[in-house]
Amino acid sequence: MDHANRIPIIRLWDLLLVPVQGDVDDSQAEGLVSDVLARVQRDGCAGLLIDLSGVWTLDSHLCSVMVRLSRAAALMGAQTIVSGMRPEIAMTIQTMGISLGGIQTVALLEDALEALGVRSDRAKGRDDALITELILGEQEEDEA
Amino acid sequence: MSVFERFLSPINARALARSVTHRAGAGGSPATLLRHIEATSVFFVPIDKREALIEAARQLLGPEIPATAPVGGLERISISGVAVPNTSALSAAGTDVLGPTVAIRMEADLNEARLVARQMCQQVGLQGFAAQKFVTAVSELARNVAKYACPGRVAFSHDAVGRRLRVVVSDRGTGIPNLDAVLDGKYRSKTGMGLGLVGTRKLVDEFDAQTGATGTTIAIAVKY
Ligand SMILES: Nc1ncnc2c1ncn2[C@@H]1O[C@H](COP(=O)(O)OP(=O)(O)OP(=O)(O)O)[C@@H](O)[C@H]1O
Ligand SMILES: [Mg+2]
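These notes cover the structure that comes with them. (Residues numbered from 1 in each chain as written. Chains lettered and ligands numbered in written order. Predicted model: local features only at pLDDT ≥ 70, side-chain atom pairs only at ≥ 80, totals over all residues. Heavy atoms only, no water.)

Comments concerning the side chain of D109(B)
(1) Moving on: Along the chain, D109(B) turns up in helix α4 (residues 109-124).
(2) Moving on: Of the residues examined, D109(B) reaches a relative accessible area of 9% and is grouped as buried. (Helix = DSSP H or I, 4+ residues; strand = E, 2+ residues; numbered from the N terminus. Buried < 20%, exposed > 50% of the residue type's maximum accessible area, 1.4 Å probe, protein only.)

Okay, structure coming up:
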């Protein structure tokens, strides 16, 4: 397959992050499956994050490719989490009766990272600020 | 410069002009021509410019022509001059205008089918869940052609009066022998999830399938 058409696979600690974008054709999907599985095996990854926030459409074929990928990755010891599925896409595949075969899905990439044990200190700081704000009301910015 | 070029890219202006010339050659009255431009412009003109273009064309063809067609008063017209495929209840309004046709020769052609489906949605202002359902339905039907009955084609058409986008997906394959079981959800697919056709039926407002030993034709329509 054409290198430029490959879906990128990004290593994050012992995780693999796959941002899927635009209109995915079958050869890209097939390329993704073999590329990811080769990387999981080579690097001994514990988790696979598939982020779908940039995907245009998800049809039954692409869903079955993801299910196949996650099952194979599970056999190799890597858990798959799907994030960022847009509501209209989720509603479409639900209407069709398609199931993602038990793949865990979460709203945000951050949630996916958290589910795989990655927690950001910055996010925590932000949560603290939120709690403070809830308790104390909105804080005025300090005038310079 | 044609009136279309004031609103459209040169390619789209030429496509629209060609379709109108074809219509004029077939002996259309100015009113028929305007109706044709109104309906056809859906394929070529972004929604925000369409009204201005139609108004400009109306000024040229005859300002006395009423701006919008009376419902049901349209004659059956098509861009290519080919009759709109008659798919029983699906073309009851008889006001379809043919849009682009995408030939499905291999899997890569599915991208184009989805792209055109997306453009059609944009042109009629279909967004979000409704647009997603339409594009996914087209993708499923086109994929079946690529997978089981190549070659075939995906023909888009637009019914401006009934406010519907229609798609007719046809092939000359060997047909779907157990169509009833497939549509009842009783069929177990060996090649996929077996949800393409049942699922598609749930995504659209109208669904009609004809299949036999000489091929399959599936027509769908969505309201907008
Ligand atoms: N155009 C066609 N020509 C011939 N046979 C077809 C055609 N479309 C579908 N079929 C047959 O009908 C069956 C059901 O099709 P359907 O799209 O519902 O499911 P699928 O293609 O098997 O799986 P999925 O679409 O979920 O990936 C297919 O397995 C195939 O045998
Ligand atoms: Mg199918």
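Thoughts on the interface of chain A and chain B
(1) Moving on: Each partner contributes residues to the interface: chain A has 23 residues there, and chain B has 21 residues.
(2) Moving on: Summing both partners gives a buried area of about 1900 Å² for chain A against chain B, and 56% of it is carried by carbon and sulfur.
(3) Moving on: Put simply, chain A and chain B have five salt bridges between them.
(4) Moving on: Counting across the interface, chain A meets chain B through nine residue pairs in polar contact (both at pLDDT 80 or more).
(5) Moving on: Listed by contribution, the elements that provide at least two residues to the side of chain A that touches chain B are α1 (26-43), α2 (60-75) and α3 (87-96) of chain A.
(6) Moving on: The biggest single contributor to the side of chain A that touches chain B is α3(A), with six residues. (Contact = heavy atoms within 4.5 Å. Buried area = accessible area lost by both parts, 1.4 Å probe. Salt bridge = Lys/Arg side-chain N within 4 Å of Asp/Glu carboxyl O. Polar contact = N/O pair within 3.5 Å; in protein donor to acceptor, adjacent residues only side chain to side chain.)

Considering α2(A)
Side chains of residues three or four places apart in an α-helix project in the same direction, reflecting 3.6 residues per turn.
(1) Moving on: In a regular helix each residue adds 1.5 Å, so 16 residues correspond to 22 Å; α2(A) covers 23 Å between its end C-alpha atoms and thus fits that length.
(2) Moving on: Among the residues of α2(A), S60(A), H61(A), L62(A), C63(A), V65(A), M66(A), V67(A), L69(A), S70(A) and A73(A) are the ones counted as buried.
(3) Moving on: Contacts made by the buried residues of α2(A) are with α1, β3 (47-55), β4 (79-83) and α3 of chain A together with α5 (128-148) and α7 (196-203) of chain B.
(4) Moving on: Directly after α2(A), the chain includes G77(A), whose backbone phi takes a positive value near 90°. (Expected span 1.5 Å × (residues − 1).)

Notes on the site of ligand 1
(1) Moving on: N144(B), Y148(B), D171(B), S189(B) and L197(B) are the nearest of the 20 residues found near ligand 1.
(2) Moving on: More than one chain approaches ligand 1, the contributing ones being chains A and B.
(3) Moving on: D171(B) is positioned with one of its side-chain polar atoms (N or O) 2.9 Å from a nitrogen atom of ligand 1.
(4) Moving on: Within the backbone of G196(B), one N or O atom sits 3.3 Å away from an oxygen atom of ligand 1.
(5) Moving on: Taking 590 Å² as the accessible area of ligand 1 by itself, protein coverage stands at 93%.
(6) Moving on: When contributions to the shell around ligand 1 are tallied by element, the ones reaching two or more residues are α5 and α7 of chain B.
(7) Moving on: Of the residues belonging to the shell around ligand 1, the class tally is eight nonpolar, nine polar and three charged. (Near = heavy atom within 4 Å. Areas by Shrake-Rupley, 256 points an atom, 1.4 Å probe, with all protein chains shown as cover. Nonpolar A, V, L, I, M, F, W, Y, C, P; charged D, E, K, R; others polar.)

Concerning the pairing of strand β2 (residues 15-22) of chain A
Consecutive side chains of a regular strand alternate in pointing toward one face of the sheet and then the other.
All names here are of chain A.
(1) Moving on: For β2, the tally of buried residues reaches six of eight residues, placing the bulk of the element in the interior.
(2) Moving on: Pairing of strand β1 (residues 10-12) with β2, which is carried by three bridges, proceeds in the antiparallel orientation. Bridged to L12 within β2 is L15.
(3) Moving on: The loop that links β1 with its antiparallel partner β2 comprises two residues; one of these, W13, has a positive phi angle of about 50°.
(4) Moving on: The sheet contact formed by β2 and β3 spans seven bridges and is parallel. Along β3, the bridge assignment pairs Q21 with G54.
(5) Moving on: For the crossover from β2 across α1 to β3, the handedness is right-handed. (Pairing = 2+ DSSP bridges. Right-handed = clockwise from strand over helix to strand, strands pointing away.)

Quick look at the packing of aromatic side chains
(1) Moving on: According to the stated counting rule, one finds zero aromatic pairs over all chains in the structure shown.
(2) Moving on: The residue whose ring lies beneath K133(B) is F129(B), and the NZ or CZ to ring-centre distance is 4.5 Å. (Phe/Tyr/Trp six-rings, centres within 6.5 Å; stacked < 30°, edge-to-face > 60°. Lys NZ or Arg CZ within 6 Å of the ring centre and 35° of its normal.)

Regarding the pairing of β3(A)
Residues and elements named next belong to chain A.
(1) Moving on: Where burial is concerned, most of β3 is hidden: seven out of the nine residues are buried.
(2) Moving on: In terms of strand pairing, β3 meets β4 through five bridges, oriented parallel. In the sheet register, L48 faces β4, and the bridge partner there is T80.
(3) Moving on: This β-α-β element, β3 to α2 to β4, shows right-handed connectivity.

Things to note about the sheet that holds strand β5 (residues 215-223) of chain B
In a beta sheet, neighbouring strands are held together by backbone hydrogen bonds and run either parallel or antiparallel to one another.
Residue and element names in this part refer to chain B.
(1) Moving on: Taken in spatial order, the five strands line up as β1-β2-β3-β5-β4 in an open sheet, and their pairing is antiparallel. At either margin of the open sheet sits one strand with a lone partner, and together these are β1 (96-104) and β4 (206-212). Pairwise comparison of adjacent strand axes, ignoring direction, gives a mean angle of 15° for this sheet.
(2) Moving on: Bridging between β1 and strand β2 (residues 152-159) involves seven bridges; their strand directions are antiparallel. Note on β2: the bridge partner recorded for L98 is S157.
(3) Moving on: Its contacts with the sheet put α5 on β1, β2, β3 (164-171) and β5, and the angle it makes with β3 is roughly 10°. (Axes fitted to C-alpha atoms, helices over the stretch in contact; angles between N-to-C directions.)

Considering the packing of α1(A) against α2(A)
Residues and elements named next belong to chain A.
(1) Moving on: Two elements in contact, α1 and α2, have axes separated by 10 Å at closest approach and are oriented at 10°. Taken as axis vectors, α1 and α2 run roughly parallel relative to one another. The residues of α2 that touch α1, namely those facing D26, A29, E30, L32, V33, V36 and L37, are H61, L62, V65, R68, L69, A72 and A73.
(2) Moving on: Partitioning the contact of α1 with α2 into residue classes produces ten nonpolar, one polar and three charged. (Parallel < 35°, antiparallel > 145°, perpendicular 65-115°, else oblique.)

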